[in-house]
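# Fold and geometry: a report
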Amino acid sequence: MVSEEKLIELFCKALEASKNSYSPYSKFPVGAAILSEDGRVFTGCNVENRSYGLTNCAERTAMFSAAAEGVRRISAIAIAAPKSDYPVGPCGACRQVLTEFGEGSVPVIFGTKIGALQKTTLAELYPFDSLHELAD
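These remarks concern the structure in this document. Note that the coordinates shown come from a computational prediction; the quantities given were computed from them, not determined experimentally. (Residues numbered from 1 in each chain as written. Predicted model: local features only at pLDDT ≥ 70, side-chain atom pairs only at ≥ 80, totals over all residues. Heavy atoms only, no water.)

All right, on to a nonpolar patch on the surface then. On the surface, Tyr 22, Tyr 25, Val 47 and Tyr 52 cluster together into a nonpolar patch covering about 410 Å² of accessible area. In this structure, Tyr 25 sits in the loop between α1 (4-18) and β1 (31-36). (Patch = residues over 30% accessible without salt bridge, like charges linked within 9 Å, V, L, I, M, F, W, Y side chains within 5 Å. Areas by Shrake-Rupley, 256 points an atom, 1.4 Å probe, with all protein chains shown as cover. Salt bridge = Lys/Arg side-chain N within 4 Å of Asp/Glu carboxyl O. Helix = DSSP H or I, 4+ residues; strand = E, 2+ residues; numbered from the N terminus.)

Okay, structure coming up:
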């Protein structure tokens, strides 16, 4: 179980990561911070490309960084979109990737700033996750 205090710390790291966003086209910076099961934190930001299909979201950037360091299970994720008017959850592609590395009970916190946060779980974001048997 990840404490509320730890989730807020994670969100602050996501806010900090959003400052590194490369978003010259959308002007919409996003940062993410992932807590691994062993307690390490990995951050990422969105990285755009003028060919939008080649853009990478903050959540996947953070998860791929974690995976590159050997992480296979996550305990929590925070997503910060500080220029948004409302809390923005992860896109479908990010939800799919995150469920590859996290159980349904993994907490997800997202928002624009402290005091304007939404909290949910991977299972609530992606309720009909499937095909895990392919990894066996």
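Mapped onto the fold, Thr 99 is located in helix α3 (residues 92-101). Of the residues examined, Thr 99 reaches a relative accessible area of 3% and is grouped as buried. Polar side-chain contacts of Thr 99 include one of 2.9 Å to the backbone oxygen of Gln 96. Setting aside anything within four residues of it in sequence, one finds Thr 99 in contact with Leu 122, Tyr 126, Asp 129 and His 132. (Buried < 20%, exposed > 50% of the residue type's maximum accessible area, 1.4 Å probe, protein only. Polar contact = N/O pair within 3.5 Å; in protein donor to acceptor, adjacent residues only side chain to side chain. Contact = heavy atoms within 4.5 Å.)

What follows concerns the pairing of β1. When you tally the buried positions in β1, you get six out of six residues, the bulk of the element. The alternating pattern of β1 places Gly 31, Ala 33 and Leu 35 and Ala 32, Ile 34 and Ser 36 on opposite faces, both of which are buried. Sheet topology places β1 next to strand β2 (residues 41-45); five bridges connect them, and they run antiparallel. From the neighbouring strand, Ala 32 faces β2, where its bridge partner is Gly 44. Turn length for the β1-β2 hairpin, with the two strands adjacent in sequence and antiparallel, is four residues, and the turn residue Gly 39 shows positive phi of about 95°. (Pairing = 2+ DSSP bridges.)

Our next topic: the packing of helix α2 (residues 58-68) against α3. Interhelical geometry of α2 versus α3 gives an angle of 25° and a closest axis separation of 9 Å. Of the possible angle classes, the one that applies to α2 and α3 is roughly parallel. The two elements α2 and α3 meet at a crossing, and its hand is left-handed. Residues Glu 59, Arg 60, Met 63, Phe 64 and Ala 67 of α2 form the contact with α3, whose own contacting residues are Ala 93, Cys 94, Val 97, Leu 98 and Phe 101. Split by residue class, the contact of α2 with α3 holds eight nonpolar, no polar and two charged. (Axes fitted to C-alpha atoms, helices over the stretch in contact; angles between N-to-C directions. Parallel < 35°, antiparallel > 145°, perpendicular 65-115°, else oblique. Left-handed = near helix turned anticlockwise from the far one by under 90°. Nonpolar A, V, L, I, M, F, W, Y, C, P; charged D, E, K, R; others polar.)

Core analysis: the largest hydrophobic core is formed by 22 residues, its most contacted members being Ile 34, Met 63, Ile 74, Leu 98 and Val 108. When contributions to this core are tallied by element, the ones reaching two or more residues are β1, α2, β3 (74-80), α3, β4 (107-111) and α4 (122-125). For this core, the leading source of residues is α2, giving five residues. With residues up to four places along the chain from it excluded, the contact list for Leu 98 reads Ile 34, Glu 59, Met 63, Ile 74, Ile 77 and Leu 122. Ranked by size, the runner-up nonpolar core spans 11 residues in total, among them Leu 7, Ala 33, Ala 76 and Ile 109. (Core = buried A, V, L, I, M, F, W, Y, C linked by side-chain atoms within 4.5 Å.)

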